[in-house]
Amino acid sequence: MAQPTLSQVHIQRAVANAAQRYTNPSYIYDQIAPKVTVTKTSDKFFIFDKAEWFRDVAETRRAPGTRAPRGGYTLSTGDYTCEQRAQASPVYDQIRENSDEPLRPFEDAAAWCMQIVRLRCEREAASVFFTGANWTTTSALSGTDRWDDFVNSDPCDDVKTYINTVQGLTGMRPNTLVIGQQVWDKLSIHPDALDRIKYTQTGILTEALAAQWLGVSRLLVGSAVYNTAAEGQSVTMSYIWGKSALLLYVTAGPSITEPSAAYTFERKGFTSKTYREEAEGQDVVEVSVETVPKIVGADLGALYTTVIS
């Protein structure tokens, strides 16, 4: 008995309410260094030299009828240069006109461009902040001191040692710890940490509980990944934030009354635009930002490298 086949009764087409698209769920670069909005691509900022603000003046007593002892402070300057990061993607007329749901060529192109630019900003920040030579205090952990040695290592003592070091140098107590996802995966199951929180409601070490245990206000975990392979080659994924741990003092926002380890100078925030290229029969979607991460107080941060194997 003749009957229609499955392929005859259904013409395949794209599902309209689902698609598979990869993206990093979060970036942390703009949380490490408060954003300073500037009007020029490059400029200078004032630095109140530390020595005079902490010098113990031997004699501050004043006898009746005399003038107060005189003194003062000095200033220096630092500089920044914002760099424009941009990515564009063409949307061909024929592709746009023939795309099926749920594809949205313009929106999809803009989302891809934004992802590429933000990923580049994250990688640049990781390179700046996780380089030991950029900080006054840095050392590499090795052997049994590494935090994945659950018998001998003492992450809390390591963190508090550097907290005290930075406070001794600057008077400011670091309030932020930055680590990569691989470090967090080990730290979150460290016996010392689990013993500390075993009587909490959940018995699970959250980032907030870990921050309390380590003596900082914030714990930032860099979980973003990227493809290290060249275009057209097999995908090779790697974490952007590596196996280091950075302690630093971060202000809540730009300030002239207190220092900060780093700022993100930004002349233009993320912007997107679309322009026509008639000869090619296409529109172009472009996303850009003009910014730079800048360490402005190298003594306000301290970096441990290779904290896990």
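Cut-offs and rules
- Residues numbered from 1 in each chain as written.
- Predicted model: local features only at pLDDT ≥ 70, side-chain atom pairs only at ≥ 80, totals over all residues.
- Heavy atoms only, no water.
- Helix = DSSP H or I, 4+ residues; strand = E, 2+ residues; numbered from the N terminus.
- Phe/Tyr/Trp six-rings, centres within 6.5 Å; stacked < 30°, edge-to-face > 60°.
- Buried < 20%, exposed > 50% of the residue type's maximum accessible area, 1.4 Å probe, protein only.
- Pairing = 2+ DSSP bridges.
- Axes fitted to C-alpha atoms, helices over the stretch in contact; angles between N-to-C directions.
- Expected span 1.5 Å × (residues − 1).
- Arc of directions from axis to C-beta.

S.K.: Teacher, can you tell me more about the environment of serine 89 here?
M.R.: The residue serine 89 is located in strand β4 (residues 83–92) in this model. The spacing of serine 89 and arginine 173 is 84 residues in sequence and 45 Å in space, taken between C-alpha atoms.

S.K.: Just checking my understanding: could you explain the packing of aromatic side chains for this structure?
M.R.: Two aromatic rings are characterised by how far apart their centres lie and by the angle between their planes. Tallying each qualifying case throughout the model produces eight aromatic pairs. Judged by centre distance (3.9 Å) and plane angle (15°), the ring pair of tyrosine 162 and tyrosine 304 falls under stacked. Taken together, the residues span a long stretch of sequence, with tyrosine 162 in helix α6 (residues 155–170) and tyrosine 304 in strand β13 (residues 301–305) at a distance of 142 residues. Like tyrosine 162, the residue tyrosine 304 is buried in the burial classification. Between tyrosine 263 and phenylalanine 265 the ring centres are 6.2 Å apart and the planes differ by 70°, which places this aromatic pair in the edge-to-face class. Residue tyrosine 263 shares its accessibility class with phenylalanine 265, and that shared class is buried. A connected cluster of aromatic rings, assembled from ring pairs, spans Phe45, Tyr80, Tyr263 and Phe265.

S.K.: In this structure, what is going on with the sheet that holds strand β11 (residues 262–277)? I would like to understand it.
M.R.: Working definition: the strands of a sheet are paired by backbone hydrogen bonds and lie parallel or antiparallel to each other. In space, the four strands of this open sheet follow the order β1-β11-β12-β4, with mixed pairing throughout. With one partner strand each, in any of the chains shown, β1 (35–37) and β4 form the two edges of the open sheet. Ignoring strand direction, the axes of neighbouring strands in this sheet form an average angle of 30°. In the sheet, β4 pairs with strand β12 (residues 282–295) via ten bridges, with the strands oriented antiparallel. Residue pairing for β12: glutamine 87 is matched across the bridge by valine 287.

S.K.: Hey, could you run me through α6 in this one?
M.R.: Every α-helix carries 3.6 residues per turn, so stepping three or four residues along brings you back to the same face. End to end, α6 covers 23 Å across 16 residues, agreeing with the expected 22 Å (1.5 Å per residue, within 8%). Along α6, the residues classified as buried are Pro155, Cys156, Asp158, Val159, Tyr162, Ile163, Val166 and Thr170. The buried residues of α6 all sit within an arc of 165° when viewed along its axis, so they share a single face. Looking one or two residues past α6, glycine 171 carries a phi angle of roughly 85°, positive in sign.

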